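Descriptive structure summary
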Amino acid sequence: MCRERCSSFSDYRCRFLRQERVQGSLTAEQETQVSFRQEPFSVDMRWVRNSDRARRVSYVAGRWSREGREFALIEPAGILGFLVPSGVKRDIHSAEMTASSRRSLDQFGFRNTLDLILKYCELAKGDPAYDLRFVGVEMLGDRACYVLERKLPVSPVDHPFPDRLLVIYIDREWLVPTGCFACADDARRVQPEGACDRRL
């Protein structure tokens, strides 16, 4: 039902909060203003707080492509931004881009988030360690949300499951996933220590 709802609108703007454990290190919580369009698939992020390497990233599917690779236009943060004000293009699947996020730009959006959640639910079906349950209604910021908890089987290193616990907040009015908190175990740790990954 939520996926159908997400398919009913083609573009939106949102405030995106993110904190992730990337390559063993927990990042600072970042805040960006995002403009999103489904067709052509487009993501424009402008950093408001805790920019890492970029102050703005723009990606439009097919706009900057070469030899089967997709590129985004990056406006660097700091002094580099003054040296290259027109920005630089980077492969969205390059090591440089994946060093700053667990997900690539072409995976952004409400519908893609739901698709990823459903993908791992389908993969885990039938495993006794899999569990998906409705927890109740809670506030996330000033929005009332349905809260679901999904538990996946504990994964060995080469297993496809990304996390043990995912807490999903679905806005009651909009029926979109407005918060996802992914943790490595039931104690809500990302690694042996630290806080849950947050993607809001």
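Since this is a predicted model, take the numbers as computed values, not measurements.

A few points about the overall build of the protein chain
- Of the regular secondary structure elements, the protein chain holds four helices and 14 strands.
- Relative to its 200 residues, the protein chain shows a buried fraction of 42%.
- Sequence separation of at least 24 residues holds for 37% of the intrachain contacts in the protein chain that already meet a minimum separation of 6.
- For the protein chain, the accessible area works out to roughly 11400 Å², and carbon and sulfur atoms hold 50% of it.

Topic: empty space enclosed by the protein
- Evaluation of the coordinates by the stated rule reveals one cavity of 30 Å³ or more.
- Estimated volume of the largest cavity: approximately 40 Å³.
- Along the walls of the largest cavity sit Phe-16, Arg-18, Gln-30, Glu-31, Thr-32, Met-45 and Trp-47, which together make up its complete lining.
- Of all elements in the fold, only β1 (11–19), β4 (30–37) and β5 (42–49) reach the threshold of two or more residues within the lining of the largest cavity.
- Of the residues forming the lining of the largest cavity, the biggest block, three residues, is contributed by β4.
- Here the residues of the lining of the largest cavity are counted per class, giving three nonpolar, two polar and two charged.

With respect to the pattern of salt bridges
- Here the structure, examined in full by the defined rule, presents 16 salt bridges.
- A salt bridge links Arg-49 to Glu-29; the nearest nitrogen and oxygen atoms lie 3.0 Å apart. Of this pair, Arg-49 sits in strand β5 while Glu-29 sits in the loop between β3 (25–26) and β4, placing them 20 residues apart in sequence.
- In this structure Arg-49 comes out as partly exposed when scored by relative accessible area, which is 32%.
- Assessed through its relative accessible area of 18%, Glu-29 is described here as buried.
- With a closest N to O distance of 3.1 Å, Arg-46 and Asp-44 form a salt bridge.
- Overall, the relative accessible area of 42% leaves Arg-46 in the partly exposed class.
- Relative accessible area serves as the criterion here: at 13%, Asp-44 is assigned to the buried category.

Thoughts on helix α4 (residues 110–124)
- When the terminal C-alpha atoms of α4 are compared, their 22 Å separation across 15 residues agrees well with the 21 Å that a helix rising 1.5 Å per residue should span.
- Listing the buried residues of α4 in full gives Phe-110, Leu-114, Ile-117, Tyr-120, Cys-121 and Ala-124. Angular distribution of buried residues about the axis of α4 spans 135°; they occupy a single face of the element.
- Where α4 is buried, its residues touch α1 (2–6), β1, β10 (131–140), β11 (143–151), β12 (165–171) and β13 (177–183).
- Two residues or fewer after α4 comes Gly-126, characterised by a positive phi angle close to 95°.

Observations regarding unusual backbone geometry
- Glu-39 connects to Pro-40 through a cis peptide bond whose omega is -15°.
- Looking at where Pro-40 falls in the secondary structure, it is placed in the loop between β4 and β5.
- Of note in this structure, Asn-50 is not a glycine but carries a positive phi near 60°.
- Mapped onto the elements of the fold, Asn-50 is located in the loop between β5 and β6 (54–60).

What counts, and where the lines are drawn
Residues numbered from 1 in each chain as written. Predicted model: local features only at pLDDT ≥ 70, side-chain atom pairs only at ≥ 80, totals over all residues. Heavy atoms only, no water. Helix = DSSP H or I, 4+ residues; strand = E, 2+ residues; numbered from the N terminus. Buried < 20%, exposed > 50% of the residue type's maximum accessible area, 1.4 Å probe, protein only. Contact = heavy atoms within 4.5 Å. Areas by Shrake-Rupley, 256 points an atom, 1.4 Å probe, with all protein chains shown as cover. 1 Å grid on protein atoms, 1.4 Å probe; cavity = no way out; pocket = protein on both sides within 12 Å on 5 of 7 lines; lining within 4 Å. Points joined across faces, edges and corners; volume = space filled by probe spheres on them. Nonpolar A, V, L, I, M, F, W, Y, C, P; charged D, E, K, R; others polar. Salt bridge = Lys/Arg side-chain N within 4 Å of Asp/Glu carboxyl O. Expected span 1.5 Å × (residues − 1). Arc of directions from axis to C-beta.

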